[in-house]
Amino acid sequence: MPFRELNAKVVEATVLPGSRMFSQRGAMLAYRGDITFTPNTAGGQGGLMSMIGRRVAGEATPLMTVEGSGTVMFGHGGHHIQVIALTGDTLYVEADRLLAFDGTLEQGTMFLGSQGGVMGMVRGQVSGQGLFTTTLKGHGSVAVMAHGGVVELPIAPGRPVHVDPQAYVAHHGDVRNKLSTALGWRDMVGRGSGEAFQLELSGSGAVYVQASEEKL
């Protein structure tokens, strides 16, 4: 069920009988029709391991399962919202940046070190974000949150993109990520932003970057 952007900070989704979607708790602003909102403790379609991954990543509240017949308006904290359409590929996104997504998407959890090696594990300590990132795979739509708006940067073979880890929102495609240092270890003391670390994304796909480094 695609999202309709009402403005930069509010999206609307149509919920049909027999379908469902998931949203962050507190994301519902208003709705029309016969809609139910139920806390989801099973981690969406990702099951128990997905739930554990979100707990380890510091997500204290479960997702809400949204079902029924009608329309729902979503927004959260006045953050800007970016709608991303998936056509069978996988989206990697920070759990706390998820606003709402189609229930048809398969949810999972990826340990950042599996792509970025030992340096990938450092990212969570430096940026204040978790060591786990949520994956959403399949056909459907995802609404993610960011500070100050979102820019989509294409990633092409031979043309990697370097991103401040704190500005990173999500990425999709056949992409590898690697966290590297721009300064020596002594110079990095007290620095938790892009002056010291760079997240390099290479391959083929796109990365979404927020305009502000402020943490959600």
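Being a predicted model, the structure only gives us computed values, none of them experimental.

Some details on the overall build of the protein
- In terms of helices and strands, the protein carries two helices and 13 strands.
- Across the 216 residues in the protein, those meeting the buried criterion constitute 49%.
- The contacts of the protein with a sequence gap of at least 6 include a subset with a gap of at least 24, amounting to 80%.
- Of the roughly 9,700 Å² of accessible surface on the protein, a fraction of 54% belongs to carbon and sulfur atoms.

Some details on the nonpolar core
- Counting residues in each nonpolar core, the largest one holds 17 residues, and the members touching the most others are Leu86, Leu91, Leu98, Phe101, Leu136, Val142 and Val144.
- Put simply, the parts of the chain that give this core at least two residues each are strand E6 (80-93), strand E7 (98-102), strand E9 (132-146) and strand E12 (168-181).
- Those residues within four positions of Leu91 in sequence are excluded, and the remaining contacts are Ile84, Leu86, Thr134, Thr135, Leu136, Val142, Ala170, His171 and His172.
- In terms of nonpolar packing, the next biggest core, distinct from the first, is built from 16 residues, Ala13, Phe74, Val83 and Ala143 among them.

With respect to the pairing of strand E3 (residues 20-23)
- In terms of strand pairing, E3 meets strand E5 (residues 63-74) through four bridges, oriented antiparallel. Opposite Arg20, over in E5, you have Glu67 as the bridge partner.
- As paired elements, E3 and E7 share three bridges and run antiparallel to each other. Paired with Phe22 across the strands is Phe101, a residue of E7.

Details of the packing of aromatic side chains
- The full count for this structure, using the stated rule, is two aromatic pairs.
- Taking the centre distance of 5.5 Å and the plane angle of 35° together, the rings of Phe22 and Phe101 count as tilted. Residue Phe22 is found in strand E3, and its partner Phe101 is found in strand E7; the two are separated by 79 residues along the sequence.

Side note on the pattern of salt bridges
- Applying the stated criterion to the full structure yields two salt bridges.
- The partner of Arg4 in a salt bridge is Glu12, and the shortest N-O contact between them spans 2.7 Å.
- The salt bridge involving Arg32 is made with Glu12; its shortest N-O contact spans 3.2 Å. Taken together, the residues Arg32 in strand E4 (residues 28-40) and Glu12 in strand E2 (residues 10-15) connect sequence positions 20 residues apart.

Let's talk about the confidence of the model for the protein
- Per-chain confidence: the protein averages 79 in pLDDT, with 70% of residues scoring 70 or above.
- Every residue in residues 44-61 is under pLDDT 50, and counting partners more than four places away or in other chains gives 35 contacts.
- Contacts of residues 116-130 to residues separated by more than four positions or lying in other chains number 40 contacts, the stretch itself having pLDDT below 50.

Quick look at the environment of Glu106
- By secondary structure assignment, the location of Glu106 is in strand E8 (residues 106-111).
- Along the primary structure Glu106 and Thr90 are separated by 16 residues, whereas in three dimensions their C-alpha atoms are 9.1 Å apart.

Section: the environment of Val150
- Position of Val150 relative to the elements: it lies in strand E10 (residues 150-155).
- For the pair Val150 and Ser212, spaced 62 residues apart in sequence, the C-alpha separation works out to 9.1 Å.
- Among residues more than four places away in sequence, those in contact with Val150 are Gln82, Tyr208 and Val209.

Digging into the environment of Asp96
- Among the structural elements, Asp96 can be located in the loop between E6 and E7.
- Note: C-alpha distance between Asp96 and Met145 (49 residues apart in sequence) is 8.4 Å.

Procedures and definitions
Residues numbered from 1 in each chain as written. Predicted model: local features only at pLDDT ≥ 70, side-chain atom pairs only at ≥ 80, totals over all residues. Heavy atoms only, no water. Helix = DSSP H or I, 4+ residues; strand = E, 2+ residues; numbered from the N terminus. Buried < 20%, exposed > 50% of the residue type's maximum accessible area, 1.4 Å probe, protein only. Contact = heavy atoms within 4.5 Å. Areas by Shrake-Rupley, 256 points an atom, 1.4 Å probe, with all protein chains shown as cover. Core = buried A, V, L, I, M, F, W, Y, C linked by side-chain atoms within 4.5 Å. Pairing = 2+ DSSP bridges. Phe/Tyr/Trp six-rings, centres within 6.5 Å; stacked < 30°, edge-to-face > 60°. Salt bridge = Lys/Arg side-chain N within 4 Å of Asp/Glu carboxyl O. pLDDT = per-residue confidence, 0-100.

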